[in-house]
Amino acid sequence: MPSQQLFAFAAMAALSSHTTGAFSSRSQPALIVPSPVRHSPQSSTIATTTALFSSSVPGRPADNSSDSAASAPPPLSTLVSRVAVAGATGRTGRLVVERLLELDVPVLALVRDADRAANVLDPTNELLDIRATDLGSEKDVISALNDGRDGKGGCDAAIWCATGFSDSPDQNLLTKIKAIFGLATNAGGTIDAVGLPALGTALAGTPRRTLDGGDDESSSVLPKVIMLSSAGVTRPDWSEEKKLALEGCAGIPIVRLNPFGILGIKKESEEKLRTCGVDYCIFRPGGLNDSWPSNQRPIFSQGDVAVGRINREDVAKILVDVLSLPEATGKTFEGVSIANSAEGYYPPAASIGPTLARLQLDRDNGGNGPSEDVARATYAIMQQLLPGERQDAKGLAMGQTYEQLDREETGRLGERGTEEAPIKPTE
């Protein structure tokens, strides 16, 4: 493991580390606060910042983290009856389906093309049902989740992995860029803006999912809808001052170029999910990279300041794991992963529950989630965990890797600022 990573982890350990992942350009003395200190919602900026690094978070039960660490959740198959997966044939969606089936969880795969899905998924698995569904139709999505005509009943949870584009190797770069961020369009607009809130509407009226099966205020509420979003969705709307101060994440190619305004579309879809009345969780991974090692330690953050890489297999595992974690309910967070050392010093944790317990609810801070100080403090620490030796995300051109930047090699789309990506739609 590079020395920069060892330093960063040592720093986080000294600060009662909270494994949130993100990045900044200025120091934050307010971070140096002992972890056992408990803060009230009326605490100072220092107390709010400490939420990212302490074992207590305003608005959450004081023993939430310790309970998560002490015992693993029950098997997922006992906590959910059937899970709908939107975009089940995509590169991430199919991994989600596979993991659910491995855990003996019945799956309803919502796909555009049932015949193609039969070739991608395993139609012989008795736990899997494939249904051709128009994700751009609210009526079709709601019908799919509630329809028990196959004798297996409706769904009580859903995971949104839809991109709406083919993952075939012959697709052009324009399509790939759109697919990476789940930008799919139809006559009614993007499927994210229609299909995702439809999942929420379909499940909002179903019985509350809880860890103990109860339905009172003391029960640990589990999310019903899990959204696969993307890091970077809020950055185009940042002030110029913030973009400059956090240039390491605001200056990366996809944010700088933002083709078709795709980041804003994802942001709007997130907002619709938050307001549709369903228990939810929104996960924003960093750069999806299948060449990056899998089964690595995830680093979570809030404030949309995460930059880095994560393998789709790890993304799929996180999306499935949060179905059984009340610590994830009502939260939006980003994630990248850190490659383990050759000696195995940094394996993935047995459970991500204790880490997620330290994150703030979206409703905190007047409905704005983590404060600005929290986001900037997180950025400052996590910038040290960027891949490469230069660790200069803002210096990347679209299509250029961190390793190419270190070697001063031009990326496949040209120099920064002159990239030849087809980022404008053609007639």
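These figures come from a predicted structure and were not determined experimentally.

## Regarding helix α12 (residues 262–274)
In a regular helix each residue adds 1.5 Å, so 13 residues correspond to 18 Å; α12 covers 19 Å between its end C-alpha atoms and thus fits that length. Where α12 is concerned, the buried positions are I262, L263, I265, K266, S269, E270 and L273. The arc enclosing the buried residues of α12, seen along the axis, measures out at 160°, which places them on a common side.

## Things to note about the confidence of the model for the protein chain
With 73% of its residues at a pLDDT of 70 or more, the protein chain has an overall mean of 78. Across the protein chain, strand β4 (residues 157–160) holds the top mean pLDDT of 98, while helix α2 (residues 45–50) sits lowest at 38. Across residues 423–427 the pLDDT falls below 50, and counting only partners more than four positions away or on other chains, this stretch makes 5 contacts in the model.

## Considering the pattern of salt bridges
Pairing is possible between side chains that carry opposite charge, provided their charged atoms lie close to one another. As enumerated under the stated definition, the model contains 23 salt bridges in all. One salt bridge connects E268 with K272, and the closest N-O pair in it is separated by 3.8 Å. Placement of the pair is E268 and K272 together in helix α12, with a separation of 4 residues, close to one helical turn. Since its relative accessible area comes to 33%, K272 is described here as partly exposed. Between R390 and D392 there is a salt bridge whose closest N-O contact spans 3.8 Å. Using a relative accessible area of 15% as the deciding quantity, one classes D392 as buried. Salt bridges here are not isolated pairs; linked through shared partners, they connect E270, R274, R284, E334 and D362.

## Topic: empty space enclosed by the protein
By the definition in use, this model includes 2 cavities of 30 Å³ or more. In this structure, the largest cavity occupies an estimated 50 Å³ of space. In this structure, the largest cavity is lined by 12 residues; those nearest its centre are W292, S337, I338, L385 and P387. A total of 3 residues in the lining of the largest cavity trace back to one element, the largest contributor, which is strand β12 (residues 331–338).

## Notes on the nonpolar core
Grouped together as the largest cluster of nonpolar side chains are 38 residues, with contacts concentrated most on L100 and I159. Those residues in contact with L100, other than ones at most four positions away along the chain, are L76, V83, V85, V105, V107, I159, V320 and L323. One finds L110, A144, L199 and M227 within the second-largest nonpolar core, a separate group that totals 24 residues.

## As for the sheet that holds strand β8 (residues 280–285)
Spatially, 8 strands are ordered β3-β2-β1-β4-β7-β8-β12-β10 in an open sheet, and the strand pairing comes out mixed. Each end of this open sheet is capped by a strand with a single partner; those strands are β3 (128–132) and β10 (297–301). Strand-to-strand twist of the sheet, defined as the mean angle between neighbouring strand axes without regard to direction, takes the value 20°. Where β10 meets β12, 5 bridges bridge the pair, whose relative direction is antiparallel. Looking at β12, one finds that S301 is bridged to E334. Helix α8 (residues 191–204) rests against β2 (107–111), β4 and β7 (225–228) of the sheet, and its axis sits at about 165° to β4.

## Overview of unusual backbone geometry
Of note in this structure, N295 is not a glycine but carries a positive phi near 55°. Within the secondary structure, N295 sits in the loop between β9 (287–288) and β10. Positive phi, close to 60°, is recorded for D304, a residue that is not glycine. Residue placement: D304 occurs in the loop between β10 and β11 (309–310). Judged by its relative accessible area of 0%, D304 falls in the buried class.

Reading the values: the criteria
- Residues numbered from 1 in each chain as written.
- Predicted model: local features only at pLDDT ≥ 70, side-chain atom pairs only at ≥ 80, totals over all residues.
- Heavy atoms only, no water.
- Helix = DSSP H or I, 4+ residues; strand = E, 2+ residues; numbered from the N terminus.
- Expected span 1.5 Å × (residues − 1).
- Buried < 20%, exposed > 50% of the residue type's maximum accessible area, 1.4 Å probe, protein only.
- Arc of directions from axis to C-beta.
- pLDDT = per-residue confidence, 0-100.
- Contact = heavy atoms within 4.5 Å.
- Salt bridge = Lys/Arg side-chain N within 4 Å of Asp/Glu carboxyl O.
- 1 Å grid on protein atoms, 1.4 Å probe; cavity = no way out; pocket = protein on both sides within 12 Å on 5 of 7 lines; lining within 4 Å.
- Points joined across faces, edges and corners; volume = space filled by probe spheres on them.
- Core = buried A, V, L, I, M, F, W, Y, C linked by side-chain atoms within 4.5 Å.
- Pairing = 2+ DSSP bridges.
- Axes fitted to C-alpha atoms, helices over the stretch in contact; angles between N-to-C directions.

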